[in-house]
2 protein chains.
Amino acid sequence: MPPEEIEIIGKIEKLWSGAANSKVLLGIGDDTAVIRPPRAGEEVLLTTDQVIENTHFVRRTHPPRALGHKILARGLSDIAAMGGRPVCFLLSLALPQWSVGAWLNAFLSGAYDLSQSTEIPLVGGDIARGERFAAAITVVGSAPAGKALTRAGARPGDVLYVSGQLGGSALGLARLRKLSGAARASRDNAVRRYLWPDPRLRLGVFLRAKMGATSAMDLSDGLAMDLARLTKASGVGAEIQAAQVPLFPGASLSQALHGGEDYELLFTLPKKVHPPRTFRKLPLTAIGRIRARPGIDLVSETGIQKLRPQGYEHFRG
Amino acid sequence: MPPEEIEIIGKIEKLWSGAANSKVLLGIGDDTAVIRPPRAGEEVLLTTDQVIENTHFVRRTHPPRALGHKILARGLSDIAAMGGRPVCFLLSLALPQWSVGAWLNAFLSGAYDLSQSTEIPLVGGDIARGERFAAAITVVGSAPAGKALTRAGARPGDVLYVSGQLGGSALGLARLRKLSGAARASRDNAVRRYLWPDPRLRLGVFLRAKMGATSAMDLSDGLAMDLARLTKASGVGAEIQAAQVPLFPGASLSQALHGGEDYELLFTLPKKVHPPRTFRKLPLTAIGRIRARPGIDLVSETGIQKLRPQGYEHFRG
């Protein structure tokens, strides 16, 4: 093993050495990690995600620290969407020569800080040389047996909600591309929204345990595309009130409907349930209702139109 | 979401649709997978691995079906090394345009066939465009509480063993690089050894449950490098008899000591334990002993020399 790889692994082990907790019986350094089984009556949640250079980010505009935060935030957001609690994570890195050193240190710091604030240790990983930087993450979580929130439980009559404000990430990305200087850009609220998504872990648990949410998912590819997935999985349709969609300051309705990476939660509650207006200062807004008839209608002053995914997506030709 | 990605995900879901089993409560298609907790008294094993174009393989010589097999085999080999049983896996793919179509189908078939023969379902994944093909895998396994075989348990006086024959993979890779035509190359035994590693899952369970192995790991980077890791983790040294190292037919001692990707098991047994000579036709060979004094000596007719990792490694500058 070349000195450089040993050094990187040593750095990672050292960084997370204080993060071991009672769930981890054996962490980094053996063939596999060994973790305690979930408590009796709990199930295991598993999700995987990746960020790839020139697909999910470009070096010129994306600070490495924010990128390290984002790869973990994306996995945590999936756990949040199930109403779960995160347990630990694994990280694979493909490293071009340019990334080794200060850039990688900053990337790892970003992941480390979020792992600390959410109290989940890194328990394993893999490092290899690559021509483009890429990181793949697996986050393990847990949820009470049979209680995880899925996309499949929305029922006609349920009210449809979103947390927070939408479109901020798309607005931030547009601004980041125009602005020069990451330092200057990072002071912009929308840019911060794009760079530093905040996984809604506490909200997910609240919706599952206290609100009896019938379905939930996180908004990663835009409300139009993600709602189409939720309604398809539930075998229902939906009607959205355009005027009710909470817009991030400065964002357009189109950015709110089709911009991705907001990482807010989209969820449904039975009609009789009335959630608080905010949860830990995060607005919870009713934006429409679930109906039996398939398809999604967007209702506005000018009439009713079909809402079709236009698609924020990474997978471009 | 563009039609191409939907098509690929649909293909993957269809391929593994019959593979769902009682462990999987919710598979591909939601924010996370949900799996049953391990049985009472079992712990969770987690390992992650990756294959990256031009780092771990080149398109010209590596059949995609073999590559799909190998990415899963590498993860399963880690589970085998702990004496664990595999439960399920997740797969992330970075796909260049050239890989989409017949090549990807063959890659997926290779992973699928091994997942079927080892009875583990795919429960989640991520697909994105990338400039270079890359796959990252996470394999989840289980082992009885406190019983997983680690690298840290070797004690002075223990006898050191390897399964199978070593150096075949390095020999096969050398031959594959020389030969033209993957079809012709695949009939060579050493090439097959390199392309189609066989994770020693049953052996791992046998060593843990029946032999009371004190330590184990899989040989991924060569005996010299991997034994250095095992002795370091156990705080011991070792002495190897060069004449005892089982050579793959045609392989040199150097390939057996320093060639990677054999995916055999390296393990230690207390002196009083006498394992069978073969386990399901796989030779189990004593190659040396563990001692208290650090360092690894290679004993041969010509004398004693220090065995230092020369290092098969992917991570090249």
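From a predicted model like this one, the values you see are computed outputs, not experimental measurements.

So, about the pairing of strand E5 (residues 122-129) of chain A. Residue and element names in this part refer to chain A. Most of E5 sits out of view: 7 of its 8 residues are buried. As paired elements, strand E4 (residues 85-95) and E5 share 7 bridges and run parallel to each other. Bridging from a neighbouring strand, Ala 94 pairs with Ala 128 of E5. Of the crossover connections in this fold, the one passing from E4 over helix H3 (residues 102-117) to the parallel E5 is right-handed.

This part is about the state of the cysteines. This structure, assessed with the given rule, holds 0 disulfides over all chains. Of all cysteine sulfurs, the one in Cys 88 of chain B lies closest to Cys 88 of chain A, which takes part in no disulfide; the gap is 13 Å.

Contact with chain B, which involves 70 residues of that partner, is made by 70 residues of chain A. Our count for the contact surface shared by chain B and chain A stands at 6 salt bridges. Across the pair Asp 31 of chain B and Arg 151 of chain A runs a salt bridge, and its minimum N-O distance is 3.0 Å. At the boundary of chain B with chain A, the tally comes to 25 residue pairs in polar contact (both at pLDDT 80 or more). Element by element, the count of residues in the side of chain B that touches chain A is highest for strand E3 (residues 42-52) of chain B, at 10 residues. Across the side of chain B that touches chain A, the residue classes tally to 34 nonpolar, 17 polar and 19 charged. Judged from the 3 bridges that link them, strand E3 (residues 42-52) of chain A and strand E2 (residues 33-35) of chain B form a sheet pairing that is antiparallel. Residue pairing in the sheet places Val 44 of chain A in a bridge with Ile 35 of chain B of E2 of chain B.

Residue and element names in this part refer to chain B. Relative to the helices and strands, Thr 268 is located in strand E10 (residues 265-269). Since its relative accessible area comes to 0%, Thr 268 is described here as buried. Within polar-contact distance, the side chain of Thr 268 engages the side chain of Thr 214 at 2.6 Å. In this structure the side chain of Thr 268 is engaged in a polar contact, spanning 2.6 Å, whose partner is the side chain of Ser 215. Not counting residues up to four positions away in its chain, the partners in contact with Thr 268 are Ala 154, Asp 158, Val 159, Leu 160, Ala 213, Thr 214, Ser 215 and Ile 290.

Note on the identical chains: chain B maps onto chain A by a rotation of 180 degrees and an axial translation of 0.0 Å, with an RMSD of 0.0 Å. In the structure described here, the two chain copies are related by an operation that fits a two-fold rotation axis. Take the interface residues of chain B: 100% of them recur as interface residues in chain A, which is what a same-surface contact looks like.

Quick look at the pattern of salt bridges now. Summed over the entire model, instances satisfying the criterion amount to 35 salt bridges over all chains. Of the charged contacts, one joins Asp 30 of chain A and Arg 151 of chain B as a salt bridge, the two residues approaching to 3.6 Å between their closest N and O atoms. Taken together, the positions of Asp 30 of chain A in the loop between strand E1 (24-26) and strand E2 (33-35) and Arg 151 of chain B in the loop between strand E6 (134-144) and strand E7 (159-163) put the pair across two chains. The pair Asp 30 of chain A / Arg 151 of chain B is uniform in exposure class, with both members buried. In this structure, Arg 74 of chain A engages Asp 49 of chain A in a salt bridge whose closest nitrogen and oxygen atoms are separated by 2.8 Å. A residue pair is termed long-range when its members are at least 10 positions apart, and Arg 74 of chain A in helix H2 (residues 64-81) and Asp 49 of chain A in strand E3 qualify at 25 residues. Arg 74 of chain A gets classed as buried once you look at its relative accessible area, which sits at 8%.

The subject of this paragraph is the confidence of the model for chain A. All names here are of chain A. Taken residue by residue, chain A gives an average pLDDT of 92. The fraction at 70 or more is 94%. Of the regions scoring below 50 in pLDDT, residues 312-317 engages in 26 contacts with residues more than four places distant in sequence or in other chains. For this predicted complex, the interface score ipTM comes out at 0.92, alongside a pTM of 0.94.

Right, let's talk about the sheet that holds E4 of chain A for a bit. Strand pairs in the sheet, formed through backbone hydrogen bonds, run parallel or antiparallel to each other. Judged by pairing direction, the sheet is mixed, and its 6 strands sit side by side in the order E5(A)-E4(A)-E6(A)-E3(A)-E2(B)-E1(B) without closing on themselves. In this open sheet, the two strands that pair with only one neighbour each are E5 of chain A together with strand E1 (24-26) of chain B. Put simply, the sheet's adjacent strands are angled 20 degrees from each other on average, direction ignored. Relative to strand E6 (residues 134-144) of chain A, E4 of chain A runs antiparallel, the two being bridged by 9 bridges. Counted as the bridge partner of Leu 93 of chain A is Ala 135 of chain A from E6 of chain A. Where H2 of chain A meets the sheet, it contacts E3, E4 and E6 of chain A, and its direction lies at approximately 145 degrees from that of E3 of chain A.

Conventions used here
- Residues numbered from 1 in each chain as written.
- Chains lettered and ligands numbered in written order.
- Predicted model: local features only at pLDDT ≥ 70, side-chain atom pairs only at ≥ 80, totals over all residues.
- Heavy atoms only, no water.
- Buried < 20%, exposed > 50% of the residue type's maximum accessible area, 1.4 Å probe, protein only.
- Helix = DSSP H or I, 4+ residues; strand = E, 2+ residues; numbered from the N terminus.
- Pairing = 2+ DSSP bridges.
- Right-handed = clockwise from strand over helix to strand, strands pointing away.
- Disulfide = S-S within 2.5 Å.
- Contact = heavy atoms within 4.5 Å.
- Salt bridge = Lys/Arg side-chain N within 4 Å of Asp/Glu carboxyl O.
- Polar contact = N/O pair within 3.5 Å; in protein donor to acceptor, adjacent residues only side chain to side chain.
- Nonpolar A, V, L, I, M, F, W, Y, C, P; charged D, E, K, R; others polar.
- Least-squares fit on C-alpha atoms with pLDDT ≥ 70 in both.
- pLDDT = per-residue confidence, 0-100.
- Axes fitted to C-alpha atoms, helices over the stretch in contact; angles between N-to-C directions.

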